[in-house]
Amino acid sequence: HAIANNLILVMRNHGVLIGGRTIPEAFLKHHFFEASCRAQVAALSAGLDNLIVIDDAAAEAAASEHEALGYPDVNQRDWQATLRLLDEDAPSYRT
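Residues numbered from 1 in each chain as written. Predicted model: local features only at pLDDT ≥ 70, side-chain atom pairs only at ≥ 80, totals over all residues. Heavy atoms only, no water.

Draft legend 1. Structural detail: helix α1 (residues 23–44). In this model α1 runs 31 Å from its N-terminal to its C-terminal C-alpha over 22 residues, within 8% of the 32 Å that 1.5 Å per residue would give. Within the sequence span of α1, burial applies to P24, E25, A26 and L28. Contacts from the buried residues of α1 go to β2 (15–18) and α3 (77–89). N-capping of α1 is provided by T22, with a side-chain oxygen placed 3.1 Å from the backbone N of E25. (Helix = DSSP H or I, 4+ residues; strand = E, 2+ residues; numbered from the N terminus. Expected span 1.5 Å × (residues − 1). Buried < 20%, exposed > 50% of the residue type's maximum accessible area, 1.4 Å probe, protein only. Contact = heavy atoms within 4.5 Å. Polar contact = N/O pair within 3.5 Å; in protein donor to acceptor, adjacent residues only side chain to side chain.)

Pasting the structure below:
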């Protein structure tokens, strides 16, 4: 039951498992999860004493709002933009 209703599972020393209802959703969740991890590592490099941590109530409010909005890319604009970038940079992905 480790993953339950969540679509991201971080497995200590084994990596991450990311799911989605569609391939575009899973890909974009991975993209933004990786960006978040990079931001966290960069923030931690400043040292723990220099970090400003928001309180639990603010974190819960932000999480609730995010969950209420659901998956934001309903028109798949992010996915279409990703495909356009791939078409320009590596068109061989289609074959």
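Alright, that's what it looks like, and here's the rest.
Draft legend 2. Region of interest: the packing of α1 against α3. Taken N-terminus to C-terminus, the directions of α1 and α3 make an angle of 80°; their axes are 10 Å apart at the nearest point. Judged on the interaxial angle alone, α3 and α1 are roughly perpendicular. Side by side, α1 and α3 meet where I23, P24, F27, L28 and F32 of the first sit next to D78, W79 and T82 of the second. Residues that form the contact of α1 with α3 fall into these classes: six nonpolar, one polar and one charged. (Axes fitted to C-alpha atoms, helices over the stretch in contact; angles between N-to-C directions. Parallel < 35°, antiparallel > 145°, perpendicular 65-115°, else oblique. Nonpolar A, V, L, I, M, F, W, Y, C, P; charged D, E, K, R; others polar.)

Draft legend 3. Structural view of the pairing of β2. Two strands pair when backbone bridges link them, and strand β1 (residues 8–11) and β2 are joined in this way by four bridges, in the antiparallel orientation. Counted as the bridge partner of M11 is G15 from β2. Between β1 and β2, which follow one another and run antiparallel, lie three residues, and N13 among them has a positive phi close to 65°. (Pairing = 2+ DSSP bridges.)

Draft legend 4. View of the side chain of T82. With respect to the helices and strands, T82 occurs in helix α3. Owing to a relative accessible area of 16%, T82 belongs among the buried residues under this scheme. Discounting residues that sit within four places of it in the chain, T82 has contacts with F27 and L28.

Draft legend 5. Focus on unusual backbone geometry. Notably, N13 is not glycine yet its phi reads approximately 65°, a positive angle. With respect to the helices, strands and loops of the structure, N13 is situated in the loop between β1 and β2. Take N13: its relative accessible area is 76%, and that puts it in the exposed class.

Draft legend 6. Quick look at the packing of aromatic side chains. Evaluated as defined, the whole model comprises one aromatic pair. Taking 5.6 Å as the distance between ring centres and 70° as the angle between the ring planes, the aromatic pair formed by F27 and W79 counts as edge-to-face. Here F27, found in helix α1, pairs with W79, found in helix α3; they are 52 residues apart in sequence, far enough to count as distant. (Phe/Tyr/Trp six-rings, centres within 6.5 Å; stacked < 30°, edge-to-face > 60°.)

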